[in-house]
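Structural characterization, general
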Amino acid sequence: MGLTFNYKQATPFLSDTEIRNIENEALEARETLLKGTGEGRDFLGWVDLPLNYDKEEFSRIKKAAQKIRKESEVFVVIGIGGSYLGAKAALEFLKKGLYNNKTRDQRGGPEIYFCGNSISTVYIKDIIDVIGDRDFSVNIISKSGTTTEPAVAFRVFRKLLEQKYGKAGAASRIYATTDKEKGALKKSADKEGYETFVIPDNVGGRFSVLTAVGLLPIAVSGANIDKLMLGAQKQRDHAINDDFKKNPALLYAALRNIMLRKGKSVEILANYDPCVHYVSEWWKQLYGESEGKDHKGLFPAAVDLTTDLHSLGQFIQDGSRIMFETIIDIKNPGEKILVEKDEANTDGLNYLQGEAIDYINRCAMKGTILAHTDGGVPNFVIKLERANEEALGRLFYFFEFACGVSGYMLGVNPFNQPGVESYKKNMFALLGKPGYEHERDELLERL
């Protein structure tokens, strides 16, 4: 397998009896997920998506990506939450964090920036300044077209496009990923002639990375989306068919629930390569929004190691024993840099001469796992062979499937997000949105 799950370093905190006792729960939760008999059954399209995706649209996505790569120096992706985190995670994982700083020849395509994920005036202006007089295109991603953050950003960048290229020229550079038939963005796209891609009705935003939501930006980066889907297909086969003890997704879902029941209320997703940082951000939304309801759930946190060993490391080692760690380990980084001998040896590192920097990193990882385990923090390890498209497809699907199973084991609906609407209602009232006026005065008094 290209993805494995190891809980050896958590065995001091788990008993065989606990694992045996929770096995049937995990299997029943998988059955509920696969048969669609649980809450949120209308949002299970992602389960079979790696096999049953729209092949015609998939082909159009690749053609659109080639067009954007050819005619644009900058590509702006506008979306929030699940409408940007998956694509951002893929870009960082596959093309690394300095992608935009490389030359056009090194990238092979446009610089890619994500907007509409905040309401920061400074950030929007920074992207405008980065674009300058260069050619650019926009991908607006919104199911409804009325979500505040992306809708505000789209107004700004649509105006810039129309000023630069005219209405018709701008329309040829705007790509709308939205509802198939309804909504403000779909209506506008049909009227203006934007090329459109579909957010399926039965796939929620945080599970949408393998739809056009994620696939178009990922393809624009030059990544191979066929291999991405292949990885997801392979992991799906393991998730739905493998026995409990050989099933990474079921084991992960079950063991994290054991940890929660034993008083571990925080899960820390840790990595030892910056390319995984935004995978952690995507994971935080996936699990936080899926499980954090009815006053239940694990709090999903993340650290970048060894970086955060010099900040949060003290707390993880000696602070409140409320957490466990899950490490994403990339076995082969794909690059090799050796430590060279220094005659002066002022840093005392000559004992490492000839060693690969990755070897040092792996020793740091192993040493930290042992130290944290000794300090009372159980550790799980998810291992990938390398950071490529197939591995990422596997990882995306692994986490999604485990999330569905884990949510049902927890006793919540993993596919809704009622709490997200609370801040929106208050914001709309404070902004004076029609229909919310009567609540504005009350909120102002409270402030």
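Everything discussed here concerns the structure shown above.
A short tour of the structure in this document, coming up. (Residues numbered from 1 in each chain as written. Predicted model: local features only at pLDDT ≥ 70, side-chain atom pairs only at ≥ 80, totals over all residues. Heavy atoms only, no water.)

**What about a nonpolar patch on the surface?**
To keep things clear, this is the line we draw: Patch members must show over 30% relative accessible area and no salt bridge, and they are joined within 9 Å when carrying like charges or within 5 Å when they are nonpolar side chains of Val, Leu, Ile, Met, Phe, Trp or Tyr. Per-residue accessibility takes into account occlusion by the displayed protein chains alone, with areas from the Shrake-Rupley method and a 1.4 Å probe. Any Lys or Arg side-chain nitrogen found within 4 Å of a carboxyl oxygen on Asp or Glu counts as a salt bridge. A run of DSSP states H or I qualifies as a helix once it reaches four residues; a run of E qualifies as a strand once it reaches two. Both are numbered from the N-terminal end. Residue burial is assigned from relative accessible area. The probe radius is 1.4 Å, only protein chains are included, and a residue is buried under 20% of its type maximum, exposed over 50%, and partly exposed in between.
Judged by side-chain polarity, L430, L444 and L447 come together as a nonpolar surface patch covering roughly 300 Å² of accessible area. Within the secondary structure layout, L430 lies in helix α16 (residues 420-431). On the basis of relative accessibility, which here comes to 33%, the residue L430 falls in the partly exposed class.

**Looking at the sheet that holds strand β6 (residues 195-198)**
Where strands meet in a sheet, backbone hydrogen bonds hold them as pairs that are either parallel or antiparallel. So the rule is basically this: Between any two strands, pairing holds if DSSP finds at least two bridges. Think of each axis as a best-fit line through the C-alpha atoms, taken over the contacting stretch in the case of a helix, with angles from 0 to 180 degrees between the N-to-C directions.
Pairing is parallel across the open sheet formed by 5 strands, whose spatial order is β3-β2-β4-β5-β6. Unpaired on one side and paired on the other, β3 (111-115) and β6 mark the two borders of the sheet. The mean inter-strand angle of the sheet, taken between neighbouring strand axes irrespective of direction, is 20°. As defined by bridge partners, strand β2 (residues 74-78) adjoins β3 across 5 bridges and the pair is classed as parallel. For I78, the partnering residue across the bridge sits in β3 and is C115.

**Topic: empty space enclosed by the protein**
How we decide: Buriedness of a pocket was judged along seven lines, with at least five required to meet protein on both sides within 12 Å; pockets are open sets of points on a 1 Å grid over the protein atoms alone, cavities are sets where a 1.4 Å probe fits but cannot get out, and lining residues have an atom within 4 Å of a point. Grid points are joined across faces, edges and corners, and a volume is the space filled by probe spheres set on the points. Three classes are used, and their members are as follows: Ala, Val, Leu, Ile, Met, Phe, Trp, Tyr, Cys and Pro are nonpolar, Asp, Glu, Lys and Arg are charged, and the others, Gly among them, are polar.
If you walk through the whole model with that rule in mind, you get 1 cavity of 30 Å³ or more. In terms of lining, the largest cavity is formed by E162, K167, A170, A171, I174, E192 and Y194. Element by element, the count of residues in the lining of the largest cavity is highest for helix α7 (residues 148-171), at 4 residues. Split by residue class, the lining of the largest cavity holds 4 nonpolar, no polar and 3 charged.

**Points about the pairing of strand β5 (residues 174-178)**
The condition that has to hold: By definition, the crossover connecting two strands over a helix is right-handed if that path, from the first strand to the second, turns clockwise as seen with the strands pointing away from the viewer.
Along β5, 5 of the 5 residues are buried, which leaves the element largely enclosed by surrounding structure. Alternating residues of β5 divide into I174, A176 and T178 and Y175 and T177, and every residue in both groups is buried. Each parallel crossover has a hand, and for strand β4 (residues 136-141) linked through α7 to β5 it is right-handed. Where β5 meets β6, 4 bridges bridge the pair, whose relative direction is parallel. When the sheet's bridge partners are listed, A176 is paired in β6 with T196. Considered for its hand, the β-α-β crossover made up of β5, helix α8 (residues 184-192) and β6 is right-handed.

**Observations regarding the environment of A253**
With respect to the secondary-structure elements, A253 resides in helix α11 (residues 248-261). A relative accessible area of 0% places A253 in the buried class. For A253 and A29, which are 224 residues apart along the polypeptide, the C-alpha to C-alpha distance reads 9.8 Å.

**Things to note about the packing of helix α1 (residues 16-35) against α11**
Quick note on the threshold: When describing relative orientation, an angle under 35 degrees is termed roughly parallel and one over 145 degrees roughly antiparallel, while 65 to 115 degrees is termed roughly perpendicular and anything else oblique. Two helices that cross are described as forming a left-handed crossing if the nearer one is turned anticlockwise from the farther one by less than a right angle, and a right-handed crossing if clockwise. In this analysis, two residues are considered to be in contact whenever any of their non-hydrogen atoms come within 4.5 Å of each other.
Where α1 meets α11, the closest approach of the two axes is 9 Å, and the angle between their N-to-C directions is 125°. By the angle between their axes, α1 is oblique relative to α11. The handedness of the crossing between α1 and α11 comes out as right-handed. Facing α1, whose interface residues are E18, I19, I22, E25, A26, L27 and R30, α11 presents L250, A254, L255, N257, I258 and R261. Across the contact of α1 with α11, the residue classes tally to 8 nonpolar, 1 polar and 4 charged.

**Comments concerning the pairing of strand β7 (residues 266-271)**
Of all the 6 residues making up β7, 6 are buried; the element is thus mostly covered by neighbouring parts of the structure. Side chains of β7 alternate between two faces, with V266, I268 and A270 and E267, L269 and N271 buried alike. Here β7 runs beside strand β8 (residues 299-304); their pairing, made up of 6 bridges, is parallel. Paired with E267 across the strands is P300, a residue of β8.

**Thoughts on the packing of α1 against helix α15 (residues 389-410)**
Contact pair α1 / α15: the axes reach a minimum separation of 8 Å and the direction vectors enclose 115°. Relative to α15, the element α1 lies roughly perpendicular. α15 is crossed by α1, and the crossing has right-handed handedness. Counting all contacts with α1, which are made through I22, E25, A26, A29, R30, T32, L33 and L34, the residues of α15 involved are F401, G404, V405, Y408 and M409. Here the contact of α1 with α15 is built from residues that sort into 9 nonpolar, 2 polar and 2 charged.

**So, the layout of surface pockets**
Approximately 690 Å³ is the volume found for the second largest pocket. As for the second largest pocket, its lining consists of 26 residues, of which D273, P333, G334, E335 and D358 are closest to the centre. Only β9 (323-332) and α14 (357-374) provide two or more residues apiece to the lining of the second largest pocket. Here the lining of the second largest pocket gets 5 residues from one element, more than from any other, and that element is α14.

In short, geometric facts, not functional conclusions.
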